[in-house]
Every structure is written in structure tokens, then in C-alpha cells.
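Breakdown of the fold
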Amino acid sequence: MLDKSIILLSLCLISAVMSCGQDENKARYDNYRLVRLTLKTTDHVDLLQELEEESDSYTFYGHALRPDQNLTVLVAAHKIYEMQDIVERNGMDCTVLQPNIQKLIDDEDSTVKSKNTPASEFDWDHYFHLETIFSWMDKQIAENDFVEALHLGSTYEGLPIRGLKISKKSGNTGIFVEAGIHAREWISPAVATYLIDQLIHSEDPEVVDLAENFDWYFVPVLNADGYKYTFEKDRLWRKNTKPYGRCKGVDLNRNFDIHWSGTGSSTKKCTYDFCGSKAFSEPEALAVKLFLDEFANKNKIQTYFSLHSFSQLYMFPFGFTTDRARNYDDLKKIGEKAVEAIKNTHGKIYQTGSSIETIYPNSGDSMDFVYSNYNIPIVYTIELRGPPETPTLFILPAAEIKPTCEEILNSFIAALKEARQLGYYKRDEL
Ligand SMILES: *[C@@H]1O[C@H](CO)[C@@H](O)[C@H](O)[C@H]1NC(C)=O
Ligand SMILES: [Zn+2]
């Protein structure tokens, strides 16, 4: 008896020691509070810039840039009083948007299907692990002879960077849809898979037209390591997972070779917008470049969409400068048609404009790189639901997946129709 309990006790001790590094150590956000600060003076701006610079207990969504700005900040539980004190002593306005982020994450759990869910149970009412998305892609490839697997490379951790091509006839111009570059933006891969599903299965004449008359290249989960990490380790992770010193991860959408490490990106390893050790230091960003080097021209890819969340924006170049893109007026017109189509679907309001005009300055992103380096005149970065000050951040309720997908499909129909009317895609004339 005694021996047995000693053995049992030892086993418990061993498992207690082993648990450090296991899944029960998943990041938690109990009582983390999301607040909106209204900056009124340049003193407020300076103060908040200092706070972002010096403390990792506050996560900023955007940066303090100017007076008369609303800034959303996630405050760690142990800093709630400190934030209140700062706000009161400096006469800022503060609104609590969400009192407890962990509750959102816990509530979302019931809408996440388990890892071993088969492809036959795939839908747009739940969120799915990488494994199910991949098996769903395999199913599409196996069942449709006009759907082909693409392999763009491997992630840092050795997962495949998988894509899928839909081509129903030769001679089409191509459209590239990049999703899941930011790990926590789960609605992005969900919309990509919906678009694939509709292009394959829809009988709606406008969707059939897009499926027949364009070739489609989809990468539903570009940052596969990061996506997996958000399911298994930390729901709010954004970057990939490559270690840099004591920290991990590069913001892949700051790692492209276009004004790399410039405005709106960081050279500090631990920040959420760390741009990497050099342009294309990360295999995931490099994979997109190598694919386009090989196929952009050969396969007539003339359109590029990058799907993100949140803020409800339909953005076009540039992010790093207020200089206008050469076809700015066309991009604006097409963007206006797209957001009108979105509004006509479920009434949601998206804004369109260049990236620096609509969101914030940013450098090294895929959209600006693609626009500047290939003959691809139609490029958009779409920030999907929710609205700019959504109290749910990236944790979009699963009930909103399908409506988001529907409005984005309609925006594609409208945008591509307008682009055609403006004379794009007549390859022979280029
Ligand atoms: C900040 O948010 C408040 C409340 O939603 C709004 O009334 C105000 O217009 C916003 N200010 C700016 C500069 O966006
Ligand atoms: Zn993003």
C-alpha cells in the first residue's frame, strides 16, 4: 500500500513538473479590459506613445498619433487601476468596451469544432482547426478536376503553405486571394474557404461567371504556424512563431520588401508589428514572393486580395506614403462599388480608401509589395468585420461568419465587374 501511494505521489509530482509547457498553460486574459481612450491634446499623445513604448501590459490597437483620436487599448488585469489613474490625472476620456476578454474567448470555445472534425462537417457557422481546413481543401481537390493543389513552401515550423487553384478554362487572367497572414484573424481563412466553396459549387450566374472567367489562386492560411498557435497556445497571437531572442514571431505583413522597416512597423523583436531581421526573413512571406515571381506574369495574375480583420475597410495602396497609386481613381471607384455591394447585402458599412488614409501608416505589407513589383493593378487589403471599435476584437461571433462571407462574395462580384468596365483584364492590350 505504502509503495503504491509513493508511486502515485511521484507520478503526480512528475506530471506537475511536466505541465509547464503543456496545453493547460494556454495564455489567459481573465479580467483583461478593452478600453477606448479619447486623446485630446499633444500631451495625451506623448503620454500614450510613452506608455506603448515602455510597458508590455498594454496592448495597443493602432498607435497614438494625434489629438482628437480614439485609441483602443487592451489593459492587463493588474494594470486596470493604473490606467484609471492615468486617465483621471490627465483628463482623458475613457470608455470600457469590454470588461473581460477571457469571457469572450471562453464563449467562443463552444463555436470551435474539435481538431479531428472531418471535412464532411465543415461549414461557415463554426471555426475550424488547421487540420480540418486542410482536409476540407483535400476534399475539394479530390472531388473537382478543375481544382488543383498548390504548395508554396513550408512554414518556420515545417507545416505546408498550402494553396488551391480553381481554373475552368485556359487563357483566363488570375486572381490571388491571400488569407490568414495574421494568426488571430480567424474570419479571414473562413471567408477564403467560403469563396472557394462558392466558386466551385454555386449556381448563381454571377458567381459562375467569376468561376469560369478567372483563374483563382487561394492561400487560405498563409501563417499556418500562427493559426495553430491561436488554437493551442494564445488566442490573440498575430505573428508567425519563429524565435527572435527571448521573444517570438514576425509580423508577416511587415516582412515584404517594400519600404521594409519603415513607418508603422517595428524593429523591436517583442512588438506585435516586428518586421523581421530583413525583408523576406520569414519563409511565409518569401513563399508568396517566390510564387508570384514564377507565376504572376506567366499565369496573368492581375488581381490580389489580402483578407484581414477587423475594421471594415476596403483598402488599396499605399500604406507607406500619402503619394497616390498610379490608378488611384480606378481603385477608389472599384472600392466604392465593393462597399456599396457590402452595404446592400446585410447593411454593414465598410470604408474604402488608400491604406494610409483609412487605417494607419504601415510598411512592408503584401499589398504594397505586390502592387509595386508585379503587373498587378488591382490590389486590396480587406479588413473584415467587426467595426473599428468593436468590443470583441478578433473574436468575431461565429454567427457573423456566414453574413461576412456573403457580403464579401458580393463585393468581389461588384469589384470585378467594375474593374472589367474600366478596361482591366483585357490582357492583349497590356
Ligand atoms: C471617438 O468615439 C466617440 C464615441 O464613439 C465618437 O463620438 C467620436 O466621434 C470619436 N472620435 C473620433 C476622432 O473618431
Ligand atoms: Zn491583419
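Residues numbered from 1 in each chain as written. Chains lettered and ligands numbered in written order. Predicted model: local features only at pLDDT ≥ 70, side-chain atom pairs only at ≥ 80, totals over all residues.

What follows covers the overall build of the chain. The number of helices and strands found in the chain is 13 helices and 14 strands. Taking 430 residues into account, the globule formula puts the C-alpha radius of gyration at 22 Å, and the chain, at 22 Å, falls close to it. Projected onto its principal axes, the C-alpha coordinates of the chain cover approximately 80 × 65 × 40 Å. Counting the 430 residues in the chain, one finds 44% classified as buried. Long-range pairs, those at least 24 residues apart, make up 72% of the contacts in the chain with a sequence separation of at least 6. (Helix = DSSP H or I, 4+ residues; strand = E, 2+ residues; numbered from the N terminus. Rg over C-alpha atoms; globule rule 2.2 N^0.38 Å. Buried ≥ 20, exposed ≤ 12 C-beta atoms within 10 Å, placed from the backbone. Contact = placed C-beta atoms within 7 Å.)

Segmentation of the chain into domains returns domain 1 (33-108) and domain 2 (119-429). At the interface, 12 residues of domain 1 touch eight residues of domain 2. Looking at the side of domain 1 that touches domain 2, the elements that each hand over two or more residues are β1 (33-39), β3 (69-75), β4 (93-98) and α4 (101-109). For the side of domain 1 that touches domain 2, the element with the highest residue contribution is α4, accounting for three residues. Residues of the side of domain 1 that touches domain 2, tallied by class, amount to four nonpolar, five polar and three charged. (Domains from an automatic or database assignment. Nonpolar A, V, L, I, M, F, W, Y, C, P; charged D, E, K, R; others polar.)

Glancing now at the sheet that holds strand β11 (residues 301-309). Judged by pairing direction, the sheet is mixed, and its eight strands sit side by side in the order β5-β6-β8-β7-β11-β14-β12-β13 without closing on themselves. The open sheet has two edge strands with one neighbour each: β5 (147-154) and β13 (351-354). Neighbour to neighbour, the strand axes of the sheet diverge by 20° on average, direction disregarded. Here strand β12 (residues 313-316) pairs with strand β14 (residues 378-384) via three bridges, running antiparallel. Its bridge partner being in β14, Leu-313 is matched across the sheet by Glu-383. (Pairing = 2+ DSSP bridges. Axes fitted to C-alpha atoms, helices over the stretch in contact; angles between N-to-C directions.)

Taken together, Thr-38, Asp-68, Gln-69 and Asn-70 make up the full set of residues adjacent to ligand 1. Partitioning the shell around ligand 1 into residue classes produces no nonpolar, three polar and one charged. (Near = placed C-beta within 6 Å.)

Turning our eyes to something else, we now look at the packing of helix α6 (residues 187-201) against helix α13 (residues 401-421). Angle between the axes and distance between the axes are the two parameters that describe a pair of packed helices. Remark: α6 packs on α13, axes separated minimally by 9 Å, with the N-to-C direction vectors making an angle of 60°. On the basis of the axis angle, α6 is oblique to α13. Crossing handedness for the pair α6 and α13: right-handed. Counting all contacts with α6, which are made through Ile-187, Ala-190, Val-191, Tyr-194, Leu-195 and Gln-198, the residues of α13 involved are Ile-401, Thr-404, Cys-405, Ile-408 and Leu-409. A class-by-class count of the residues in the contact of α6 with α13 yields nine nonpolar, two polar and no charged. (Parallel < 35°, antiparallel > 145°, perpendicular 65-115°, else oblique. Left-handed = near helix turned anticlockwise from the far one by under 90°.)

Bringing the nonpolar core into the picture now. Counting residues in hydrophobic clusters, the biggest one holds 113 residues, and the most contacted among them are Val-177, Val-191 and Val-379. The greatest single-element share of this core, amounting to nine residues, is contributed by α13. No fewer than three residues from each of domain 1 (33-108) and domain 2 (119-429) sit in this core. Excluding anything up to four places from it in sequence, Val-191 contacts Ala-179, Leu-307, Leu-384, Thr-404, Cys-405 and Ile-408. (Core = buried A, V, L, I, M, F, W, Y, C linked by C-beta atoms within 7 Å.)

With that out of the way, let us pick up the pairing of β12. Along any regular strand, the residues point their side chains to alternate faces of the sheet. Of the two faces of β12, the one holding Leu-313 and Met-315 and the one holding Tyr-314 and Phe-316 are both buried throughout. As defined by bridge partners, β12 adjoins β13 across four bridges and the pair is classed as parallel. Its bridge partner being in β13, Leu-313 is matched across the sheet by Gln-351. Where the polypeptide runs from β12 across helix α10 (residues 328-346) and back to β13, its parallel neighbour, the crossover connection is right-handed. (Right-handed = clockwise from strand over helix to strand, strands pointing away.)

A word on the sheet that holds β4. One open sheet accounts for four strands, arranged β2-β3-β1-β4; its pairing is antiparallel. Each end of this open sheet is capped by a strand with a single partner; those strands are β2 (58-61) and β4. Averaged over all neighbouring strand pairs, the angle between strand axes comes to 30°, with direction disregarded.

Here, UniProt's "active site" (unreviewed entry) annotation points to Glu-383. Under the C-beta neighbour-count criterion, Glu-383 is labelled buried, with 24 such atoms within 10 Å. Not counting residues up to four positions away in its chain, the partners in contact with Glu-383 are His-308, Ser-309, Phe-310, Ser-311, Gln-312 and Leu-313. (UniProt positions renumbered as here; feature names shortened; annotations may be inferred.)

This part takes up the packing of α10 against α13. Direction vectors running N to C along α10 and α13 enclose 145°, while the axes themselves pass 8 Å from each other. The way α10 lies across α13 gives a crossing that is right-handed. Facing Lys-333, Ile-334, Lys-337, Ala-338, Glu-340, Ala-341, Ile-342, Thr-345 and His-346 of α10, the residues of α13 in contact are Pro-403, Glu-406, Glu-407, Asn-410, Ser-411, Ile-413, Ala-414, Ala-415, Glu-418 and Ala-419. Looking at side-chain class alone, the contact of α10 with α13 contains nine nonpolar, four polar and six charged residues.

With that settled, consider the environment of Pro-387. Following the sequence through the fold, Pro-387 ends up in the loop between β14 and α13. On a C-alpha basis, the gap between Pro-387 and Lys-348 in space is 8.8 Å, while along the polypeptide they are 39 residues apart.

This part is about α6. Taking 1.5 Å per residue as the helical rise, α6 with its 15 residues ought to reach 21 Å, and the 21 Å between its terminal C-alpha atoms agrees with that figure. Burial of α6 is extensive: 11 of the 15 residues sit out of reach of the surface. When α6 is considered as a whole, its buried residues turn out to be Ile-187, Ser-188, Pro-189, Ala-190, Val-191, Ala-192, Thr-193, Tyr-194, Leu-195, Ile-196 and Leu-199. (Expected span 1.5 Å × (residues − 1).)

Let's shift gears to the pairing of β3. Note that β1 and β3 share seven bridges and pair antiparallel. Along β3, the bridge assignment pairs Leu-39 with Gln-69.

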